[in-house]
Amino acid sequence: MRADADMDLLFLSGTTALDLYHLHPHVPYEITMPEDIAGQTHMCMRNLKEVLDDQGATWRDVVKINRFQKDITESAAIEGVMAQYFDFWDWWPAMTAMEISRLSSEPARLEIELIAVIPRDV
Amino acid sequence: MPIQIVNTRNVDKTSFAPGLRISSDMDLLFLSGMTARPPELDLSEPYEFSDSIEEQTRSVLENIQGVLDEAGITWSEVIKIVRFYTEAGGNAIRSEYLGDWQPCSTTLGVDRLPDPGAKIMYDVTAVVPRA
């Protein structure tokens, strides 16, 4: 993915299915999320979209995605959900997926972080 | 503001930014993953890691401080921190260095880090304003 114009850079923190705004350290009563990976993926995308929307960016402005998964074999299911947001991969950012042993809360199976570029108003 | 913390809701309930926007031309500074091992120490040299996650965290932050100093920037120019840990803890020490600044943050539990004995590694991205 190559961005070749003057752009703002938008860095997003990694998000799991947990609501974007939560207490630190985490408190048990806030940690509610579906068990299934499709549901968790939708909730991750919801969280990311909240930040993109706030900055006037869209999924088409996303250039890089990192996915951290408890189970790498869930990649197909995750990408199946993500495809619905990326116009069935009509827009396909650079993407890295890796399996890791722990995420920020016990039930979380997926964390996504991304970088977007936003064209500057001239 | 050239570096703008994105808060999507008018609430004060988070210790990091959900997003961060860079809106002027700045150099990007990418740091390699930093453990408690002093960066000037050759990787072939033995290094005794502390058993304490707090002490290791302080060393990590001091090591990063050295790189920031060399680049002529402060923690307020750090835009992103990815923390890889094998043992949780040390968050309060991070706050000592970051103060009120809230860079983007991602935290990941891993089975092993590259240096045996290391319990925490920070991967930092910063910007350097152009003169």
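Below, the structure is looked at part by part. Every value quoted in this text rests on a predicted model; they were computed, and no experiment measured them. (Residues numbered from 1 in each chain as written. Chains lettered and ligands numbered in written order. Predicted model: local features only at pLDDT ≥ 70, side-chain atom pairs only at ≥ 80, totals over all residues.)

### Digging into the overall build of chain B
Phase 1: A count of helices and strands for chain B gives 2 helices and 6 strands.
Phase 2: Order of helices (α) and strands (β) in chain B, N terminus to C terminus: β-β-β-α-β-α-β-β.
Phase 3: For 131 residues, the compact-globule formula gives about 14 Å, and the C-alpha radius of gyration of chain B, at 15 Å, lands near that figure.
Phase 4: Considering only C-alpha atoms, chain B reaches an extent of 45 × 35 × 20 Å along its principal axes.
Phase 5: Relative to its full complement of 131 residues, chain B shows a buried share of 31%.
Phase 6: Expressed as a percentage of contacts within chain B between residues at least 6 apart in sequence, the contacts between residues at least 24 apart total 80%. (Helix = DSSP H or I, 4+ residues; strand = E, 2+ residues; numbered from the N terminus. Rg over C-alpha atoms; globule rule 2.2 N^0.38 Å. Buried ≥ 20, exposed ≤ 12 C-beta atoms within 10 Å, placed from the backbone. Contact = placed C-beta atoms within 7 Å.)

### As for the pairing of strand β4 (residues 110-119) of chain A
All names here are of chain A.
Phase 1: Where burial is concerned, most of β4 is hidden: 7 out of the 10 residues are buried.
Phase 2: Bridging between strand β1 (residues 7-15) and β4 involves 7 bridges; their strand directions are antiparallel. Opposite Leu-12, over in β4, you have Leu-114 as the bridge partner.
Phase 3: Strand direction decides the pairing type here: strand β2 (residues 62-69) and β4, joined by 7 bridges, are antiparallel. Bridging from a neighbouring strand, Lys-64 pairs with Ile-115 of β4. (Pairing = 2+ DSSP bridges.)

### Considerations on the interface of chain A and chain B
Phase 1: Between chain A and chain B, the residue contacts involve 23 residues of the former and 25 residues of the latter.
Phase 2: At the level of secondary structure, the elements contributing two or more residues to the side of chain A that touches chain B comprise β1, α1 (37-54) and β4 of chain A.
Phase 3: Looking at the side of chain A that touches chain B element by element, the count peaks at 7 residues for β1 of chain A.
Phase 4: The residue makeup of the side of chain A that touches chain B, split by class, is 11 nonpolar, 6 polar and 6 charged. (Nonpolar A, V, L, I, M, F, W, Y, C, P; charged D, E, K, R; others polar.)

### Structural notes on unusual backbone geometry
Residues and elements named next belong to chain A.
Phase 1: With a phi close to 50 degrees, Asp-87 is a non-glycine residue in the positive phi region.
Phase 2: With respect to the helices and strands, the residue Asp-87 is situated in the loop between α2 (75-85) and β3 (94-99).
Phase 3: Phi is positive for Phe-88, which is not a glycine, with a value near 50 degrees.
Phase 4: Among the secondary structure elements, Phe-88 is positioned in the loop between α2 and β3.
Phase 5: You can call Phe-88 exposed: it has 11 C-beta atoms within 10 Å.

### A few points about the pairing of strand β3 (residues 26-30) of chain B
Residue and element names in this part refer to chain B.
Phase 1: Sparse coverage of β3 is indicated by the burial of 0 of its 5 residues.
Phase 2: For β3 and strand β6 (residues 120-129), the ladder comprises 5 bridges, and the chain directions are antiparallel. Residue pairing across strands places Leu-29 opposite Ala-126, the latter belonging to β6.

### Digging into the sheet that holds strand β5 (residues 104-109) of chain B
Residues and elements named next belong to chain B.
Phase 1: Strand order in the open sheet formed by 4 strands is β3-β6-β4-β5, with mixed pairing between adjacent strands. Unpaired on one side and paired on the other, β3 and β5 mark the two borders of the sheet. Averaged over all pairs of adjacent strands, the angle between strand axes in this sheet comes to 10 degrees, irrespective of strand direction.
Phase 2: Against the sheet, helix α1 (residues 53-71) makes contact with β3 and β6, and its axis sits at roughly 25 degrees relative to β6, the strand it touches most. (Axes fitted to C-alpha atoms, helices over the stretch in contact; angles between N-to-C directions.)

Taken by themselves, the reported measurements are silent on function.
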